[in-house]
Amino acid sequence: MAGIIRHPAVAGRFYPGDPKILLNHVRSYLSPQTAAAPALGCVTPHAGYVYSGAVAGAVYAQLEIPQTIIILCPNHTGKGRPLSIMSNGAWETPLGRVPIDTAFADALKKEFLLLSEDFEAHRTEHAIEVELPFLQACRPDFTFVPIALGTPQFEILEKLGEALAKVIQAQAEKILIIASSDMNHYENDTVTRIKDHKAIERMLALDPRGLFDVVMREEISMCGFGPTVAMLTATKRLGATSAELVKYATSGDVSGDREMVVGYAGVVVR
């Protein structure tokens, strides 16, 4: 676990900073536990747990968590480079440290030369961090590769997905690709649900180009459409045949405010 330690940036804000309280919260979102099965990819939200924890937990409760996980997220902060990876060290949460899979990260950088080694893009970005406690609760011994995407260019996202598939195909073990994303932001509940389900329809059709096009055409402010395009591209190359909407909600379901909401979708690709 040599290398840089990325310390929590949003513990105590997006999720509890106390490990016992955090683990209890995560386990409550993971319950009831369904029959876990392997998956090629998924989409999970990354808001504060009070708003999106139930959606994320519904996804993770269905997944058999493999040893190695790729987590793709949007770059909310604007810091760092547009295609940023960390290849060594570990990320820390209140539940402990999660080592980066250096061998996979190095292989991916060789396959996709546009990826930059860049800590700054990850230092204060919350969208991967909030996924880790769920994974730690499900499987404490996993390793992962963090990638933050700040590009809206379809061709680049597609090529990243193709590179991911190629490197994954060379591995002996199963690997899960997580696209960390919230859905439409800061419109009323009715509009958000209509917009989000247009995007979800394309996800369920395993249609990365269609997702990209509908997000652009309908002005859907899905922050992680880039990670989702890359994930769908990769999983299709890996033989995905189906996608399921596990759970959908908006922040209004918790806050009661239906005038200004954020949507959350949990999707599993197999």
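Structure's up top.
Rules used in this analysis
- Residues numbered from 1 in each chain as written.
- Predicted model: local features only at pLDDT ≥ 70, side-chain atom pairs only at ≥ 80, totals over all residues.
- Heavy atoms only, no water.
- Patch = residues over 30% accessible without salt bridge, like charges linked within 9 Å, V, L, I, M, F, W, Y side chains within 5 Å.
- Areas by Shrake-Rupley, 256 points an atom, 1.4 Å probe, with all protein chains shown as cover.
- Salt bridge = Lys/Arg side-chain N within 4 Å of Asp/Glu carboxyl O.
- Helix = DSSP H or I, 4+ residues; strand = E, 2+ residues; numbered from the N terminus.
- Buried < 20%, exposed > 50% of the residue type's maximum accessible area, 1.4 Å probe, protein only.
- Pairing = 2+ DSSP bridges.

Asker: Would you mind showing me how to read a nonpolar patch on the surface here?
Answerer: Side chains of Val50, Tyr51 and Val254 sit close together on the surface and give an oily, nonpolar patch of about 260 Å² of accessible area. Structurally, Val50 can be placed in helix α2 (residues 49-60). Using a relative accessible area of 56% as the deciding quantity, one classes Val50 as exposed.

Asker: Looking at this structure, how should I read the sheet that holds strand β6 (residues 96-99)?
Answerer: Adjacent strands of a sheet pair through backbone hydrogen bonds, lying either parallel or antiparallel. Judged by pairing direction, the sheet is mixed, and its three strands sit side by side in the order β1-β5-β6 without closing on themselves. Unpaired on one side and paired on the other, β1 (5-6) and β6 mark the two borders of the sheet. Here two bridges tie β1 to strand β5 (residues 90-93), and the two strands are oriented parallel to one another. Residue Ile5 lies in a different strand from β5, and its bridge partner there is Ala90.

Asker: When you look at the pattern of salt bridges in this model, what are you seeing that I'm missing?
Answerer: Oppositely charged side chains are able to pair whenever their charged atoms sit close together. According to the stated counting rule, one finds 19 salt bridges in the structure shown. Its salt-bridge partner being Arg139, residue Asp141 comes within 2.6 Å of it at the nearest N-O pair. The shortest N-O distance in the salt bridge between Asp189 and Arg258 comes to 3.2 Å. Within this pair, whereas Asp189 is found in helix α8 (residues 189-204), its partner Arg258 is found in the loop between α11 (252-255) and β12 (261-269), the two being separated by 69 residues in sequence. Note on Asp189: relative accessible area 8%, which makes it buried. Since its relative accessible area comes to 35%, Arg258 is described here as partly exposed. Look at the salt bridges and you will find they share partners, linking Asp189, Arg193, Asp253 and Arg258 into a network.

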